[in-house]
Amino acid sequence: MVLKVFFPSCCSSADSGILIGRWISEQSSAVILAVVHFPFIPVQVKQYLGEVQRVTKVSVSVLGSWSNSKQEKEDSLSEFLEDLGTIFCHEPWIQISKEGDSKFWSCSALQKHSKNPQEEEIILVYYDQRKVMLSHLHPPLDTAGQRAEDASKLSAIFDTVARSQVLFMTDRYDEGPIKLTHWQSDGVEASIIVELLKQASVPACMLLTFLLSLVSGICRSRVLKFWPLSFLWSKLSTCEQLGHRLQHLQVISSNKKAQNQNQLMRKANIFVSLLIDVTLGILLMSWLYRKNRIGHLADTLIPVADHVAEELQDLLQWLMGAPAGLKMNRALDQVLGRFFLYHIHLWISYIHLLSPFIEMILWYVGLSACLGLTVALCILSDIIALLTFHIYCFYVYGARLYCLKIYGLSSLWRLFRGKKWNVLRQRVDSCSYDLDQLFIGTLLFTILLFLLPTTALYYLVFTLLRLLVVIVQGLIHLLVDLIDSLPLYSLILRLCRSYRLAAGVKFRVLEQQDGKPLRLLMQINPLSYGGVVQTYRLPTYSCYPRDSWASLCKKLFLGELIYPWKHKGDKQN
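About the criteria used
Residues numbered from 1 in each chain as written. Predicted model: local features only at pLDDT ≥ 70, side-chain atom pairs only at ≥ 80, totals over all residues. Heavy atoms only, no water. Helix = DSSP H or I, 4+ residues; strand = E, 2+ residues; numbered from the N terminus. Buried < 20%, exposed > 50% of the residue type's maximum accessible area, 1.4 Å probe, protein only. Contact = heavy atoms within 4.5 Å. Areas by Shrake-Rupley, 256 points an atom, 1.4 Å probe, with all protein chains shown as cover. UniProt positions renumbered as here; feature names shortened; annotations may be inferred. Axes fitted to C-alpha atoms, helices over the stretch in contact; angles between N-to-C directions. Parallel < 35°, antiparallel > 145°, perpendicular 65-115°, else oblique. Left-handed = near helix turned anticlockwise from the far one by under 90°. Nonpolar A, V, L, I, M, F, W, Y, C, P; charged D, E, K, R; others polar. Salt bridge = Lys/Arg side-chain N within 4 Å of Asp/Glu carboxyl O. Phe/Tyr/Trp six-rings, centres within 6.5 Å; stacked < 30°, edge-to-face > 60°. Lys NZ or Arg CZ within 6 Å of the ring centre and 35° of its normal. Pairing = 2+ DSSP bridges. Arc of directions from axis to C-beta.

As annotated in an unreviewed UniProt entry, the protein is PIGQ acetylglucosaminyltransferase from Pycnonotus jocosus.

The structure is reproduced here in structure tokens:
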């Protein structure tokens, strides 16, 4: 049987003493956590390990002895270390010694209480205790079989070191009966700034929680559930984004401690996302209010709207003639053209009516950028939707008219074949029609068929205009979703401290010689950037349509309405 001993590299220069750690019998592995060096009293060591085991719930015990012959040259010391196995009584008893300046180490494991005591084949694995302590193992999601078992074995090693944090809270400057050597022996790693922020975050979180509870109570009030306000709240992307950010603030201001690493990383990602979002929003606001850019933007908005209206009028005049040499139904063409021209006239009057107030509206809208860049982008999307509302009306009129004719032609085509649509059974059944019904059906089919090209041309033109607006809004929402869902903290952590996000480990051979234990170095494989995004991606309130291109083309052919690429229902936990 092969015995695997995981030895922390920080203990390679420790004074002689005893090895404490955890024995994992299922894997025949010993995880060394620290070295207790002389002088010590065995009773005090047992009491200390009992307290550590009670706090950490990890079966920490004395696993063997450690002899640094470079530090201690007495022969009696090695004999004393061997005799410690009778006091602490652990099987197997691991003996590790460093042979002076030699690069080879001697490691043995004895079964003293067995009938046939014998040495076992040993693999000595070095690991960086600090990296393993601060890392979080992410086994691959698609592993199965043997690879899944390997991931669970590695998780046991990582979990043992992570749960033994109490053991690493003492350093050599502490006055106590037991002296330990581990990764924080030279001083407990801490930051004064972090500790001050922890102390200041408690009252800040309490105040923020109180304010958010008031805002949440107002949002859940019955006033917002009445028709006009509820309709605006569900249609405006700005309201959706504000509600989404309100949920984020409630998560990070909660005084409930994170239960696991994923919840902690989620809170950190939300906090960094909010911080960067607000910072970018303030930068945008400072840029807008410099050199009277708000006034210049308001002065250019009216001419742009007039130019768009003129282009639409020219397009309608072109459709009312002979577009691309096509022969259109003159009467229907004139009716539709004048109908849409009247809407454009109403739209121009509406824009010029609002022109004195546009600069003031933009000035107050620009202040919303202090809430974040995503809020400003959502307001921009809503402004585009309002400024292109006439295009949306044209699209709805053309789609409804085209859809009516398509469904009328399909129904009359079933009449010619002696079929009808059974509403109750949701299927096509056979049916016998009399002569009058066939005559009227033929007459209506002929009328609809000859009017279809004129309607289809208007529908096609306004659908392309509507798709152009939807694409622009989709790009804006894509940027909003990118800021909302991108795990920025995890990506920064992957860039600066990649070992914090471990996808696995790799082993490098340090030395291999007959009669000596095989020495390996365990190195951490960081999680890939794609894996980081997939694992820690934040939930968003909007997403892009799940429809395939075939389904989208079917909707366009049948004249079904295309709504903006934003809907609820894709929230992730």
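(A) Focus on the overall build of the protein. Of regular secondary structure, the protein possesses 18 helices and 13 strands. For the protein, the residues scored as buried account for 40% of the 573 residues in total. When contacts within the protein are restricted to residue pairs at least 6 apart in sequence, those whose partners lie at least 24 apart make up 72%. Looking at the protein as shown, the accessible area adds up to about 33,000 Å², and 63% of this sits on carbon and sulfur atoms.

(B) The UniProt feature "transmembrane region" (unreviewed entry) in the protein, seen in detail. In the numbering used here, UniProt assigns the feature "transmembrane region" (unreviewed entry) to residues 200-219, 270-289, 335-354, 361-388, 394-416, 437-461 and 467-492. Measuring from the first to the last C-alpha atom of residues 270-289 gives 28 Å, for a span that is 95% helix and 0% strand. Across residues 394-416, helical content stands at 100% and strand content at 0%; the span's end C-alpha atoms are separated by 33 Å.

(C) Structural detail: the packing of helix α10 (residues 293-320) against helix α15 (residues 435-485). The interhelical angle for the contact between α10 and α15, taken along N-to-C directions, is 160 degrees, at an axis separation of 11 Å. One way to sum up the angle between α10 and α15 is to call them roughly antiparallel. Of the two possible hands of crossing, α10 and α15 adopt the one that is right-handed. Contacts from Leu312, Leu315, Leu316, Leu319 and Met320 in α10 reach Leu457, Tyr458, Val461, Phe462 and Leu465 in α15. Residue composition of the contact of α10 with α15, grouped by class: ten nonpolar, no polar and no charged.

(D) Layout of the side chain of histidine 343. In this fold, histidine 343 is placed in helix α11 (residues 330-354). Here histidine 343 falls in the buried class, since its relative accessible area comes to 18%. Residues within four places of histidine 343 in sequence aside, it is in contact with Phe394 and Tyr397.

(E) Structural context of the packing of helix α14 (residues 389-416) against α15. The geometry of α14 relative to α15 is characterised by a closest axis approach of 7 Å and an angle of 150 degrees between their N-to-C directions. Taken as axis vectors, α14 and α15 run roughly antiparallel relative to one another. Crossing hand, α14 versus α15: left-handed. Across the contact of α14 with α15, the residue classes tally to 24 nonpolar, seven polar and two charged.

(F) Quick look at the pattern of salt bridges. One pass over the full model with this rule turns up three salt bridges. Here aspartate 484 ties to arginine 245 by a salt bridge, and the two come within 2.8 Å at their closest N and O atoms. Taken together, the positions of aspartate 484 in helix α15 and arginine 245 in helix α8 (residues 237-252) put the pair 239 residues apart, joining distant regions of the chain. Per residue, the accessibility class of aspartate 484 equals that of arginine 245, and both read buried. Through salt bridges with shared partners, one network takes in Arg245, Asp277 and Asp484.

(G) Highlighting the packing of aromatic side chains. Overall, the coordinates contain 16 aromatic pairs when judged by the stated rule. Ring plane angle 70 degrees and centroid distance 4.7 Å describe the contact between phenylalanine 340 and phenylalanine 462, whose orientation is recorded as edge-to-face. Remark: phenylalanine 462 occurs in helix α15 and phenylalanine 340 occurs in helix α11; sequence separation between them is 122 residues. By relative accessible area, which is 2% here, phenylalanine 340 ends up buried. Grouping aromatic residues by their ring pairs yields a cluster made of Phe339, Phe340, Phe394, Tyr397, Tyr458 and Phe462. A cation sits over an aromatic face here: arginine 494 above tyrosine 529, 4.6 Å from the ring centre.

(H) Spatial organisation of the environment of isoleucine 294. Here isoleucine 294 shows up in helix α10. A residue is classified by how much of its surface remains accessible, and isoleucine 294, at 5% relative accessible area, is buried. Expressed as a C-alpha distance, the spacing of isoleucine 294 and glycine 366, which sit 72 residues apart in the sequence, is 8.2 Å. Beyond its immediate chain neighbours, meaning those up to four positions away, isoleucine 294 contacts Leu288, Tyr289, Glu359, Leu362 and Trp363.

(I) Main features of unusual backbone geometry. One non-glycine residue, serine 28, adopts positive backbone phi at about 55 degrees. Mapped onto the elements of the fold, serine 28 is located in the loop between β2 (17-24) and β3 (29-37). Look at asparagine 292: it is not a glycine, yet its phi comes out positive at around 55 degrees. Looking at the element boundaries, asparagine 292 is found in the loop between α9 (261-288) and α10. The exposure class assigned to asparagine 292 is partly exposed, which follows from its relative accessible area of 47%.

(J) Structural context of the environment of leucine 33. Mapping leucine 33 onto the fold places it in strand β3. Residue leucine 33 is classed as buried on the basis of its relative accessible area of 0%. Sequence separation between leucine 33 and cysteine 11 is 22 residues, and the spatial gap between their C-alpha atoms is 9.1 Å. Apart from residues no more than four positions distant in its own chain, leucine 33 is found in contact with Pro8, Ile20, Gly21, Val60, Tyr127, Gln129, Thr160, Val161, Ser164, Leu167, Phe168 and His182.

(K) Summary view of the pairing of strand β5 (residues 93-98). Counting buried residues along β5, five of its six residues qualify, which places the element largely inside the surrounding structure. Pairing of strand β4 (residues 60-68) with β5 involves five bridges; the strand directions are parallel. Looking at β5, one finds that serine 65 is bridged to glutamine 95. Inspection of the sheet shows β5 paired to strand β6 (residues 105-110) by six bridges, in the antiparallel sense. By the bridge assignment, isoleucine 94 is partnered in β6 with alanine 109.

(L) Structural view of helix α17 (residues 529-536). Along α17, the positions that sit buried rather than exposed are Gly531, Val532 and Tyr536. One side of α17 holds all its buried residues, which, seen down the axis, span an arc of 105 degrees. Looking at the buried residues of α17, the elements they touch are β8 (136-137), α9, α16 (488-496) and β12 (501-511).

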